[in-house]
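# Residue-level structural notes
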Amino acid sequence: MWPLLTVIWFAIAASVYFYFRKRLRESDAKHANELSSLREQHRGVVEKIEAQQKTLLNSMAEGLLVLDERGAIQVTNRALEEFFDFTGSLNGKSVLEAFRLHELAAVIEQLEIEPQVLEHEIEVPGLRSRWLQLNAATIRGERGERLGAVLVFHDVTRIKALEETRREFVANVSHELRTPLSMIKGFSETLLTGAMHDPDVSTRFLQGIDKHAVRLARLIDDLLTISQLESGRVILNLHTVNIRGIVDAVFEDLRERAVAQQMHLKNEIDSSVVLSADPDRIKQVFWNLIENAIKYGKPNGQVTVSAKPSGEDLVEVEVRDDGRGIPADALPRIFERFYRVDKARSREAGGTGLGLAIVKHIVQSHGGKVRAESTMGAGTAFFFTLFHDTALQP
Ligand code: ADP
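Everything in this summary refers to the structure shown in the same document. Because the structure is a prediction, the values reported are computed rather than measured. (Residues numbered from 1 in each chain as written. Predicted model: local features only at pLDDT ≥ 70, side-chain atom pairs only at ≥ 80, totals over all residues. Heavy atoms only, no water.)

All right, on to the layout of surface pockets then. A volume near 510 Å³ is recorded for the largest pocket. Mapped onto the lining of the largest pocket, the elements with two or more residues apiece are helix H8 (279–296), helix H9 (343–348), helix H10 (355–365) and strand S12 (379–387). Residue contributions to the lining of the largest pocket peak at six residues, all from H8. Residue classes in the lining of the largest pocket are distributed as 13 nonpolar, nine polar and nine charged. (1 Å grid on protein atoms, 1.4 Å probe; cavity = no way out; pocket = protein on both sides within 12 Å on 5 of 7 lines; lining within 4 Å. Points joined across faces, edges and corners; volume = space filled by probe spheres on them. Helix = DSSP H or I, 4+ residues; strand = E, 2+ residues; numbered from the N terminus. Nonpolar A, V, L, I, M, F, W, Y, C, P; charged D, E, K, R; others polar.)

Rendered as structure tokens:
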């Protein structure tokens with residue numbers, strides 16, 4: 001009897017043991033599965049956050065640099081790599097090692113004394129040197145301990161270049177205004193100190209005053225035109241324009257000056273050539289180019305204006321003279337504001353140094369291009385393209 005009971009008891013105990021062991025294993029496996037799925041989910045979330053952060057940092061226009069408490073680089077973004085022309089990883093390097101810019105290392109040293117350094121400008125040397133404006137701040141923990149630093153770089157190269165252009169422009173304008181003004185002042189002072197009683201001298205001086213006043217007025221007109229054109233707010237009043245007629249009108253305006261130089265003006269444009277253009281603006285283009293051709297042409301010389309088709313949609317206009325020409329090294333610069341080959345001659349002839357810059361702006365605002373060719377001693381030809389009247393019609 002007893003052995004049978006023992007066997008039954010043992011069998012019950014064994015099946016209970018095996019039952020629980022099985023359950024325990026099943027539960028372990030379930031937990032392991034759950035844990036691995038949680039790990040997987042966590043990795044997914046971390047990867048997603050990292051990808052979002054990377055995209056965010058790389059889409060910033062500003063360069064970003066984060067350093068750890070030892071000054072080693074932790075985070076950079078694409079803009080920063082572009083600013084400094086970097087390709088490899090910078091992580092772990094020191095700022096001096098990575099950038100080789102003592103000025104930048106000095107800013108980081110300054111952060112040990114001050115909590116932030118604002119609007120510090122540095123020049124990054126290179127093929128295309130850049131100007132960067134830098135804002136830097138120390139990162140501190142809750143107990144005030146230093147955890148690192150964050151530096152944000154703005155590219156201010158274009159702003160610097162614009163500032164420089166503006167400074168040069170103001171200097172040029174002041175100089176151009178001062179010259180005729182001091183002439184007018186000189187003439188009037190001489191007249192007031194007695195010369196006005198001599199009819200010959202006073203006539204000559206008054207003519208001088210008049211000439212320089214005309215030059216001043218022209219300079220102001222040209223300055224207003226150029227500032228309007230450069231502001232990009234010019235509204236073109238497009239019409240169908242017969243350019244032969246416009247050239248005839250400009251020849252008429254300038255006839256007296258051409259006669260004084262015994263110059264022959266020749267209009268070779270066919271009366272059938274019609275363009276889509278703002279008539280007043282295009283008249284100014286012709287006026288400036290033809291006036292220059294007379295001014296810098298040779299006595300007894302010739303100014304010829306012609307036009308021919310260029311491709312399907314364009315007409316190329318040419319204004320040619322047989323004057324002294326423009327040196328090859330000056331040719332690429334003549335469309336710049338205030339650039340002159342012979343300053344004295346230009347001023348003597350009443351030039352403002354803005355005529356060709358105005359021509360370039362007007363032609364470009366019509367979608368055209370302008371260029372010049374010249375042979376020293378043989379003459380100069382200015383070319384510009386404009387759209388044929390039918391080209392712009394739907
Ligand atoms: P400016 O008022 O001095 O004539 P422009 O802008 O019209 O100013 O021309 C710039 C410079 O280009 C002139 O000063 C002159 O040196 C040169 N230039 C322009 N047109 C001619 C030309 N047809 N022949 C020779 N030089 C020219």
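Moving on to helix H5 (residues 157–192). Between its terminal C-alpha atoms H5 stretches 52 Å, which fits the 52 Å expected from 36 residues at 1.5 Å a residue. Within the sequence span of H5, burial applies to Val173, Glu176, Pro180, Ile184, Phe187 and Leu191. Phi turns positive, to about 130°, at Gly194, one or two residues after H5. (Expected span 1.5 Å × (residues − 1). Buried < 20%, exposed > 50% of the residue type's maximum accessible area, 1.4 Å probe, protein only.)

Attention now moves to the environment of Ala260. Secondary-structure assignment places Ala260 in helix H7 (residues 243–260). Taking the C-alpha atoms as reference points, Ala260 and Glu316, 56 residues apart in sequence, are found 30 Å from one another.

We now examine the site of the ligand. The environment of the ligand is formed by 20 residues, the closest being Asn292, Tyr296, Ser346, Thr352 and Gly353. Between the ligand and the protein, one listed contact pairs an oxygen atom with a backbone N or O atom of Gly353 at 2.8 Å. Relative to its free-state accessible area of 530 Å², the ligand is covered by the protein chains to the extent of 97%. At a threshold of 2 Å from the grid points, most atoms of the ligand map onto the largest pocket. Per element, the largest residue contribution to the shell around the ligand is four residues, and it comes from H8. (Near = heavy atom within 4 Å. Polar contact = N/O pair within 3.5 Å; in protein donor to acceptor, adjacent residues only side chain to side chain. Areas by Shrake-Rupley, 256 points an atom, 1.4 Å probe, with all protein chains shown as cover. Sits in = over half its atoms within 2 Å of the grid points.)

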